[in-house]
Structures are given as C-alpha cells and as structure tokens.
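Here's the letter readout for the chains.
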Amino acid sequence: MLVVFLGLVVMVLVVFKLYSRVFVPNVKLETAHEIFYIPSGSDFRYVADGLEEMGIFENAKSFEWVAARKGYNENVKPGRYKIRNGLSNNELVNMFRSGNQDPVMVVFNNVRSLNDLSGKVAPYLENDSTQLATYLSNSDLPSKYGFEAATFTSMFIPETYEFFWTTSPEAFADRMKQEHEKFWDGERGRKAKRLEMTREEVVTLASIVDEETLYDDENSRVAGLYLNRLEQGIPLQADPTLKFALGDFSRQRILNEDKEIDSPYNTYKFKGLPPGPISIPSVSAIDGVLDYEKHRYLYMCAKADFSGYHAFARDYSQHLKNARAYQRELNSRRIYK
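A brief report on the enclosed structure follows. Bear in mind that the values here come from a model prediction, so they are computed numbers and not experimental data. One numbering rule holds for all chains: residues counted from 1, following each sequence as written. For this predicted model, a pLDDT threshold of at least 70 governs which residues receive local features, and a threshold of 80 or more governs which side-chain atom pairs are given and counted, while totals over whole chains, interfaces and linings are taken from all residues. With hydrogens and water excluded, all non-hydrogen atoms of the structure serve as input to the side-chain values.

Focus on the pattern of salt bridges
The following threshold applies: Any Lys or Arg side-chain nitrogen located within 4 Å of an Asp or Glu carboxyl oxygen qualifies as a salt bridge. Each helix is a run of DSSP H or I of at least 4 residues and each strand a run of E of at least 2, with the numbering of both proceeding from the N terminus. A simple rule labels every residue: compare its accessible area, found with a 1.4 Å probe on the protein chains alone, to the largest value its type can have, and call it buried under 20%, exposed over 50%, or partly exposed in between.
A complete count under the given rule lists 18 salt bridges for this structure. A salt bridge links Arg80 to Asp102; its shortest N-O distance comes to 2.5 Å. Taken as a pair, Arg80 in strand β2 (residues 79-84) and Asp102 in the loop between α4 (89-98) and β3 (104-107) lie far apart in primary sequence, 22 residues in all. Each member of the pair Arg80 and Asp102 is classed as buried. As a salt-bridge pair, Arg188 and Asp287 come within 2.9 Å of each other at their nearest N and O atoms. Of the two residues, Arg188 is situated in helix α9 (residues 187-194) and Asp287 in helix α13 (residues 283-290); the sequence distance between them amounts to 99 residues. Overall, Arg188 belongs to the partly exposed group, its relative accessible area being 25%.

What follows is the structure in structure tokens.
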C-alpha cells in the first residue's frame, strides 16, 4: 500500500513539474512588455540565446524544453514580437510558432522622392533603405502598377499604415497600390472626374500646391489660382517646378536666368501641368485641389511680411506691386538666391 502511495506521489510531482514547465508563467519583466526581433533566416539557437540574454526567463531551459516538444525549434518564423510580462512557455512558443507578430505603424509625410520615401519607411521594416530604394527605382516597376515613370510617385499616399516588420519591398509596393485604389475609390475619384482631371494630374497639381504653401488653410485658394490659369491657357509659372528642375528645393529666390532652364518641368516656358508630381503631396494638398476655392485670382507671390502666406491678385499690375514689396524685403534681408 505504501509503495502505491509513494508511486502516486511521484506521479503527481512529475505531472506538476511538467505542468509548471508548460503552463506556469515563466516570463518576468520589469515593464509590461518587451519587443524581440527575429531576423529572416534565424534558427532556434538565435532565438533561445537572444531571449536568455534579455534576462526575461525564470527558467530558460524550460522554454527550450517546451519549444522542442512543440516542434518550434524546427519552425522558426521571423518577425517583431511583443513579449508580455507573465507569459508561460506554452504561450510564448505558440506566439513564435504561429508567427503572431506585433505590427508597426509606418508613417511618412513631407516626401519629395522615392529615395526620400525609402529613408522614411525603412526604419520601420526589416529591409534597409538601400534595399527598398533599389526595388522602388526599378525601371519596370511603374508599368507593373499602371503608372508612367514620371507619375509613379503619385501611387504613394502619405498616411499612417500598419505593417509587419518583415514586409518585403515588393509587399510594401503592393500594399501602397491597394491603399492608392482605396483612397481614390469614392468621393475623391468622383471629384477628380468633375474636374476632368486624372488622379495623376490631381496629384501633380497638389504637389505644386504643397510646395507653394506652408499652411493647409491656403491650399484650396492656391489650387483655385492654378486651375484658373490652366483653364485660361496661362503658364502656371510655379517656382517650385523650377526648383525641381534645378534639383534644389532650398532656393529662396528664383532668378530670371533660372526661368530659361530647358526642362518639361519649367512651367514658365511650358503651358499646362508638368509630366508628373514634383513631390509626394500631403492628403490636405490633394483635397485642396479637389475642393478648390472658386475665385478670379491669377497671380500670387509671398507676402512681404514673411508670414508664409501669399498675396493674391486678379490683375498683373497689382501683382507687380505685391512682387516688388516682397523683392525689397528679400534685398533688405540679403537673400539673393
């Protein structure tokens, strides 16, 4: 009888030990959670050693034991994982084994080029900016998504997006195309048609508006002015397009010699819109074009008070007065280019 009793006690102890290894909390953190990255191509040793170095376990060996029993040591999946305080080995292994990553919020705005975009997005993803930029600059890529090379940047809408850290450059571009379609599917698409403009033309004009304005409350007025010029066949004469053609957005003053540059983006020489966007415009600038202000302004220049706002004019004589006032202020501040 005693032997049976002792056998039962041993069995209970074994079961309890096994239960503890699997289901009792084994993660002990000083914070609510820690982030752990598993790069693509990592093996189980990388995971086990990395977790142990973090010092999160009550018993590191028990984690390895459970991982082996559940086959995780042969099924490592890359990703960005949120390890919560109080997790058991079973919960931790299940999370890793299923690839249940914690997503990242990818934010990009104030972007002028695909290289600039890559630099802003890459810190959120496993691939570095060079890999992303190389993929996005592939000459065959625009046509894959239905764009020309000059209009390809219009596919990227500045917003906040949820991505997995392991998102590849191709998957990123695919997602941007999906978001582009979603953005234009509905009222925005209908407004563009009422303007008799393609999506790409709206974005191109919005990119000019975005570069012209410092404040969102001026977007629709500036857009209305450029639309008036387009309707009347007057060159846009937009300084930001010259800065784009010159490759220098830092210019504070456009000189007469700059207006002679031979470029399709020279809106002093050529009527109509340039071939494509000069930057990736903000959503507010795009909406400013779609909801443009109806007025009769044809001219504008920066206000002489350097407030960042513009002085608008319906006729050239008034515009000259506004322009001279601004030029005098530039001279007084010794700004010559």
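Points about unusual backbone geometry
With a phi angle near 50°, Asn110 is a residue other than glycine that sits in the positive phi range. Topologically, Asn110 is positioned in the loop between β3 and α5 (114-121).

Details of the packing of α9 against α13
To keep things clear, this is the line we draw: For helices, the fitted axis covers only the stretch in contact; all axes are lines through C-alpha atoms, and the angles between them, taken along N-to-C directions, range from 0 to 180 degrees. When describing relative orientation, an angle under 35 degrees is termed roughly parallel and one over 145 degrees roughly antiparallel, while 65 to 115 degrees is termed roughly perpendicular and anything else oblique. Contacts are assigned to residue pairs that have any heavy atoms within 4.5 Å of one another. Lys, Arg, Asp and Glu make up the charged group, whereas Ala, Val, Leu, Ile, Met, Phe, Trp, Tyr, Cys and Pro make up the nonpolar group; the residues left over, Gly among them, are polar.
Interaxial distance between α9 and α13 falls to 9 Å at its minimum, and their mutual angle equals 45°. The orientation of α9 relative to α13 falls into the category oblique. Between α9 and α13, the contacting residues are Arg188, Lys191 and Ala192 on the first element and Val283, Asp287 and Leu290 on the second. Among the residues making up the contact of α9 with α13, the classes are represented as three nonpolar, no polar and three charged.

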